[in-house]
Amino acid sequence: MITKQKGCHDIYGVEAKKWKYVDKLIDSLMEKYNYSYMRTPLFEASELFHRGIGETSDIVTKETYDFTDRGDRAITLRPEGTAGIVRSYIENKLYGDPNQPVKIYYNGTMYRYERPQSGRDRELTQFGVEVLGCDDAVMDAEVISLAVNFYRLLGLTNVKVQINSLGDEESRSNYRNVLIDYFRPHIDELCEDCKARFEKNPLRILDCKVDNENPILKNAPKTIDHLNEASKKRFEEVLEYLDLLKIEYEINPNIVRGLDYYQHTVFEFTADIEGMGSQSALGAGGRYNGLVEQLGGPETPGIGFGIGIGRTLLALEKAGINLPIEEEIDAFILYVNDEEKKYATYLAQELRLNGFNVDMEYQNRNLKGQFRQAERLNAKFLLILNSEDLDNNELKIKDTRSKEEEIISMDALIYYLDEKLAMDEYASSELEDDACSCGGACQHEHDHNHSCEHQCGCHHHEED
Ligand code: HAM
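Conventions adopted
Residues numbered from 1 in each chain as written. Predicted model: local features only at pLDDT ≥ 70, side-chain atom pairs only at ≥ 80, totals over all residues. Heavy atoms only, no water. Near = heavy atom within 4 Å. Polar contact = N/O pair within 3.5 Å; in protein donor to acceptor, adjacent residues only side chain to side chain. Areas by Shrake-Rupley, 256 points an atom, 1.4 Å probe, with all protein chains shown as cover. Helix = DSSP H or I, 4+ residues; strand = E, 2+ residues; numbered from the N terminus. Nonpolar A, V, L, I, M, F, W, Y, C, P; charged D, E, K, R; others polar. Core = buried A, V, L, I, M, F, W, Y, C linked by side-chain atoms within 4.5 Å. Buried < 20%, exposed > 50% of the residue type's maximum accessible area, 1.4 Å probe, protein only. Contact = heavy atoms within 4.5 Å. Pairing = 2+ DSSP bridges. Axes fitted to C-alpha atoms, helices over the stretch in contact; angles between N-to-C directions. Parallel < 35°, antiparallel > 145°, perpendicular 65-115°, else oblique. Left-handed = near helix turned anticlockwise from the far one by under 90°.

### Looking at the site of the ligand
Then comes step 1: If you check the shell around the ligand, you find 27 residues, and the closest are Glu80, Glu114, Asp121, Arg257 and Tyr262.
Then comes step 2: In the environment of the ligand, an oxygen atom lies 3.3 Å from a nitrogen or oxygen atom belonging to the backbone of glycine 283.
Then comes step 3: Separating a nitrogen atom of the ligand from a backbone N or O atom of phenylalanine 305 is a distance of 3.4 Å.
Then comes step 4: In isolation the ligand exposes 660 Å². Once the protein is present, 95% of that is buried.
Then comes step 5: Listing elements by their share of the shell around the ligand, those giving two or more residues are strand 6 (123–132), strand 10 (281–287) and strand 11 (302–308).
Then comes step 6: Sorting elements by how many residues they give to the shell around the ligand places strand 10 first, with 6 residues.
Then comes step 7: Its residues assigned to classes, the shell around the ligand shows 10 nonpolar, 9 polar and 8 charged.

### A few points about the nonpolar core
Then comes step 1: Formed by 52 residues in total, the largest nonpolar core has its most connected members in Tyr35, Phe127, Phe150 and Phe305.
Then comes step 2: When residues of this core are traced back to their parent elements, those giving at least two are helix 1 (13–33), strand 6, helix 5 (137–154), strand 7 (159–165), helix 9 (229–244), strand 9 (263–271), strand 11 and helix 11 (309–318).
Then comes step 3: With 12 residues, helix 5 is the largest single contributor of residues to this core.
Then comes step 4: Beyond its immediate sequence surroundings of up to four residues, tyrosine 35 is in contact with Met30, Lys103, Ile104, Tyr105, Val129, Val131, Met139, Glu142, Val143 and Leu146.
Then comes step 5: Counting 44 residues, the second largest nonpolar core, distinct from the first, contains Ile59, Leu179, Leu203 and Tyr262.

### Side note on the sheet that holds strand 1 (residues 36–37)
Then comes step 1: Strand order in this open sheet of 8 strands is 1-5-6-11-10-9-7-8, and the pairing throughout is mixed. For this open sheet the edge positions go to strand 1 and strand 8 (250–251), each flanked by a neighbour on one side alone.
Then comes step 2: In this structure, strand 5 (residues 102–111) lies alongside strand 6, joined through 10 bridges in antiparallel fashion. Paired with isoleucine 104 across the bridge in strand 6 is glutamate 130.

### As for the pairing of strand 4 (residues 74–77)
Then comes step 1: In terms of strand pairing, strand 2 (residues 43–45) meets strand 4 through 3 bridges, oriented antiparallel. Residue alanine 45 lies in a different strand from strand 4, and its bridge partner there is isoleucine 75.
Then comes step 2: Where strand 3 (residues 65–68) lies against strand 4, 4 bridges are found, and the strand directions are antiparallel. The residue bridging tyrosine 65 from the neighbouring strand is leucine 77, located in strand 4.
Then comes step 3: Linking strand 3 back to strand 4 in an antiparallel pair, the connection comprises 5 residues, with aspartate 72 at a positive phi of about 65°.

### Some words on the packing of helix 5 against helix 9
Then comes step 1: The interhelical angle for the contact between helix 5 and helix 9, taken along N-to-C directions, is 45°, at an axis separation of 8 Å. Classified by the angle between their axes, helix 5 and helix 9 sit oblique to one another. Every pair of crossing elements has a handedness; the one defined by helix 5 and helix 9 is right-handed. Every residue of helix 9 that contacts helix 5 at Ala137, Val138, Asp140, Ala141 and Ile144 is listed here: Arg234, Glu237, Val238, Tyr241 and Leu242.
Then comes step 2: Within the contact of helix 5 with helix 9, the residues separate by chemical class into 7 nonpolar, no polar and 3 charged.

### A look at unusual backbone geometry
Then comes step 1: The residue after glutamine 100, namely proline 101, is reached through a cis peptide bond having omega -5°.
Then comes step 2: Its location among the elements puts proline 101 in the loop between helix 4 (82–91) and strand 5.
Then comes step 3: Located in the positive-phi region is asparagine 364, a residue other than glycine, with phi close to 55°.
Then comes step 4: On the secondary structure map, asparagine 364 appears in the loop between strand 13 (358–360) and helix 13 (367–376).
Then comes step 5: In this structure asparagine 364 comes out as exposed when scored by relative accessible area, which is 66%.
Then comes step 6: Even without a glycine there, the phi angle at lysine 403 is positive, about 65°.
Then comes step 7: With respect to the element layout, lysine 403 can be found in the loop between strand 15 (394–399) and strand 16 (405–409).

Note that all results are geometric; they support no functional claim without further evidence.
Right, dumping it as structure tokens:
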């Protein structure tokens, strides 16, 4: 038997429904923030990632899937989304679009050759945003709050925002010198990787995964103490906007991020959930004002984040949060003989083209088996065909919740289903209003008179 590759997953059944739910949530959230969807290729010229992410980053040195294609080109499967988006922004001259800033989101597969474990995959999916052409601190706060709202809508309220600033180029370069002076006498006490980093990119030593308990690393000078005035002021502004948006954060001077392109604001979203272990980083991002230029475009500020969807779903599972996934269909068509089967086939198509979710019998089961199948599919209505009714242009319809059964005219079927399902929707939206203080957004049940027990961040019902 041929099996899937390590660190890859087959996603099907209920699990697939959860992924679809998250995809839909992302699309609707992005519409609210007015971000446009962008799809870039899964593979790019290797040089893009070398120049974009940085030669000394762990991703480029150890984790990329590289190959030479039949035309002798050096190709890399994308390990992250930012470099491809920025390449496309430059290639398609989006900087010339009158509609600025350019606000983009993506949701797609990335590849990293990592040691697989729960929450760390070789094929992973990232939802990310990139905003190009805006250097205002308000955008740093918007991007962070957007991610927090995404987690809240899923019901994940204990996601911590950890934030830091690397400052502008001048601050970064001053800090680099401070770090070199600090690490030089301790170089023998560093791991082999960090010895190499000392020469090329000492900032990266702070991101060491092998040796992060080493006191030399822990006591290293902090970026935040070496920001120039302008960078300090900018960071304070970002924090003020976060306060305004009521986004809680923790300043963590150890966040330096593993990719070379960051400046100023950098952040990570971590899940405070038992059992997440070292995979608690649900997402991360930051500002990358030099990247567009570095990749051959005009000087353009940029900021964004990437969120691991697999890891986010793992966090939901560990936190015991169930997503409200749809597991119902509107109607299931039952029949016995061939004439009825033909009619069922026609009727299923008619109803589907009229917007109903419909399934029918395909397995030659007896009626009892068909009823069971309809139950498994959670059909709201059973359409039970028999030749005699069909001759009269009628059919039997059963509401599976009220158990009511009636014979109706075939001509009235669409109207009948429309009416009944609309009443259903109305009833469930009323229920939803009662169910959650965030206006149905987080879709968790809670006491009507209290704010949402899932603390999804809204307080609609507090004043009730
Ligand atoms: P990153 O920190 O490399 O940043 O990845 C972002 C998120 O992707 C991580 O926090 C994690 O949730 C998820 N992730 C990364 N590697 C794996 C893996 N092997 N298995 C499962 N999940 C994983 C970036 O990729 C940047 N492009 C983010 C960014 C966008 N910065 C600015 N714009």
